[in-house]
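# Structural description and commentary
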Amino acid sequence: MSRIEARFARLRESGRKALIPYITAGDPQPSLTVPLMRALVAAGPEILELGVPFPAPMADGPVIQRSGERALKHGVGLSDVLRLVSEFRKHDGATPLVLMGYANPIEAMGTAQFLEKAKSAGIDGVIVVDYPPEECDEFALAAKRHGIDPVFLLAPTSTEKRIQDVARCGSGYLYYVSLRGVTGASHIDLAEIASRIPKIRAATNLPIGVGFGIRDAESARRVAQSADAVVIGTRIIQEIEAGAAEQAVQRVQAFLRPIRKALDA
């Protein structure tokens with residue numbers, strides 16, 4: 001059982017839902033990435049998603065795009081992200097970590113080398129936004145052989161076949177994108193989420209995380225009534241960029257703690 005699977009199993013036993021925050025590695029500066037990761041863990045989340053900066057992030061809204069631009073200005077690439085993960089793992093061997101990014105940096109490194117380095121660094125799962133599950137059997141199998149869960153995306157427009165492909169190829173959890181657009185694009189349709197998730201559950205036993213558009217404790221609580229996990233990225237990045245970089249850790253913790261409390265209420 002992977003760290004991700006074990007974490008969701010414990011959550012089910014206790015009747016709790018997972019909080020999964022996202023930050024971009026290297027933003028606002030590389031020296032703050034590990035302190036921010038530790039701050040996120042201290043605020044109560046069960047899994048962390050760490051973004052790999054990429055110059056053409058097609059699924060990201062303007063806020064996360066800015067975070068990637070800031071990181072790229074510091075020269076942060078995939079190898080640097082894995083080094084930061086290794087640094088984090090010196091003090092935390094328990095929190096599941098999911099790397100989120102795009103295919104180009106992975107293929108530039110070489111898929112086999114990437115998976116070996118990711119496993120050695122302490123990565124538990126990987127989301128490759130532009131790897132569709134119906135064309136990704138080889139990558140998914142290779143990731144699983146390295147003990148890394150391949151996590152795939154579903155959207156409100158996903159067909160029944162796409163859901164079946166994700167159920168077949170994916171592991172760890174499934175990421176349901178609640179918006180028909182990029183990250184942080186608009187307000188989520190809670191009624192649509194509540195009606196869509198049971199249809200996805202009919203095809204898979206994987207836990208379902210919902211992200212894109214969750215902005216506060218109330219929307220997180222309502223999404224968690226249907227989902228197994230709540231993923232928050234854009235609002236965390238907004239907290240990071242809202243003031244001085246050296247105060248980002250405190251701002252992120254202050255934002256997340258009420259959300260964790262709302263999920264446990």
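Okay, the packing of helix H2 (residues 33–42) against helix H12 (residues 248–264) next. Taken N-terminus to C-terminus, the directions of H2 and H12 make an angle of 25°; their axes are 9 Å apart at the nearest point. If you check the angle between H2 and H12, you find them roughly parallel. Between H2 and H12 lies a crossing of right-handed hand. Contacts between H2 and H12 involve Pro35, Leu36, Ala39, Leu40 and Ala42 from the first element and Ala248, Val249, Val252, Gln253, Leu256 and Arg257 from the second.

A few words now on helix H10 (residues 217–224). Taken residue by residue, H10 has Ser219, Ala220, Val223 and Ala224 as its buried positions. Buried residues of H10, seen end-on, are gathered within an arc of 135° and therefore sit on one face of the element. Turning to H10, the residues buried within the fold contact helix H9 (190–201), strand S8 (208–211), strand S9 (229–232) and H12.

We now examine the packing of aromatic side chains. Evaluation of the coordinates by the stated rule reveals 4 aromatic pairs. Ring geometry for phenylalanine 54 and tyrosine 102: centres 5.0 Å apart, planes at 20°, overall stacked. Linking phenylalanine 54 in the loop between strand S2 (48–51) and helix H3 (62–73) with tyrosine 102 in the loop between strand S3 (97–101) and helix H5 (103–109), this pair joins segments that are 48 residues apart in sequence. Look at phenylalanine 54 and you get buried, because its relative accessible area is 16%. Residue tyrosine 102 is classed as buried on the basis of its relative accessible area, which comes to 5%.

In this section: empty space enclosed by the protein. Empty space left among the atoms is revealed by rolling a probe the size of a water molecule over them. For the structure on display, the rule yields 1 cavity of 30 Å³ or more. Forming the boundary of the largest cavity are Val52, Leu78, Leu99, Met100, Gly101, Tyr102, Pro105, Ile106, Phe114, Val126 and Ile127. For the lining of the largest cavity, the secondary structure elements donating two or more residues are S3, H5 and strand S4 (125–128). Tallied by class, the residues present in the lining of the largest cavity amount to 10 nonpolar, 1 polar and no charged.

Quick look at the nonpolar core now. By size, the foremost hydrophobic cluster in this structure holds 97 residues, and its most contacted members are Leu99, Phe114, Tyr175 and Val223. Counting residues per element, this core draws most heavily on H12, at 7 residues. Beyond its immediate stretch of four places on either side in the chain, leucine 99 contacts Leu50, Val52, Leu78, Val81, Leu82, Phe114, Ile123, Gly125, Val126 and Ile127.

What follows covers the confidence of the model for the protein chain. Chain-level pLDDT for the protein chain is 93 on average; 97% of the residues reach the 70-or-more range. Throughout residues 181–185 the model reports pLDDT below 50, and contacts reaching past four residues in sequence, or to other chains, amount to 16 contacts.

Counting through the fold element by element, glutamine 253 comes out in helix H12. Within the local environment of glutamine 253, its side chain forms a polar contact with the backbone oxygen of alanine 39, the two atoms lying 3.4 Å apart. Excluding residues that lie within four positions of it along the chain, glutamine 253 makes contacts with Ala39, Ala42 and Ala43.

For the rest of this paragraph, the subject is the packing of H10 against H12. Contact geometry of H10 with H12 gives a least axis separation of 9 Å together with a crossing angle of 35°. For H10 against H12, the interelement crossing comes out right-handed. Contacts between H10 and H12 involve Ala217, Ala220, Arg221 and Ala224 from the former and Pro258, Ile259, Ala262 and Leu263 from the latter. In the contact of H10 with H12, the residues fall into 7 nonpolar, no polar and 1 charged.

Throughout the structure, instances matching the rule amount to 19 salt bridges. For the salt bridge of arginine 168 with aspartate 137, the shortest nitrogen-to-oxygen distance reads 2.5 Å. Separated by 31 residues along the polypeptide, arginine 168 in helix H8 (residues 160–169) and aspartate 137 in helix H7 (residues 137–145) bring together distant segments of the chain. Assessed through its relative accessible area of 43%, arginine 168 is described here as partly exposed. With its nearest N and O atoms 2.9 Å apart, the salt bridge here joins aspartate 165 to lysine 161. Separated by 4 residues within a single helix, aspartate 165 and lysine 161 lie in helix H8, roughly one turn from each other. Given a relative accessible area of 8%, aspartate 165 falls into the buried group. Of the residues examined, lysine 161 reaches a relative accessible area of 51% and is grouped as exposed. One salt-bridge network, held together by shared partners, links Arg3, Arg89, Asp92 and Asp124.

Cut-offs used in this document
- Residues numbered from 1 in each chain as written.
- Predicted model: local features only at pLDDT ≥ 70, side-chain atom pairs only at ≥ 80, totals over all residues.
- Heavy atoms only, no water.
- Axes fitted to C-alpha atoms, helices over the stretch in contact; angles between N-to-C directions.
- Helix = DSSP H or I, 4+ residues; strand = E, 2+ residues; numbered from the N terminus.
- Parallel < 35°, antiparallel > 145°, perpendicular 65-115°, else oblique.
- Left-handed = near helix turned anticlockwise from the far one by under 90°.
- Contact = heavy atoms within 4.5 Å.
- Buried < 20%, exposed > 50% of the residue type's maximum accessible area, 1.4 Å probe, protein only.
- Arc of directions from axis to C-beta.
- Phe/Tyr/Trp six-rings, centres within 6.5 Å; stacked < 30°, edge-to-face > 60°.
- 1 Å grid on protein atoms, 1.4 Å probe; cavity = no way out; pocket = protein on both sides within 12 Å on 5 of 7 lines; lining within 4 Å.
- Points joined across faces, edges and corners; volume = space filled by probe spheres on them.
- Nonpolar A, V, L, I, M, F, W, Y, C, P; charged D, E, K, R; others polar.
- Core = buried A, V, L, I, M, F, W, Y, C linked by side-chain atoms within 4.5 Å.
- pLDDT = per-residue confidence, 0-100.
- Polar contact = N/O pair within 3.5 Å; in protein donor to acceptor, adjacent residues only side chain to side chain.
- Salt bridge = Lys/Arg side-chain N within 4 Å of Asp/Glu carboxyl O.

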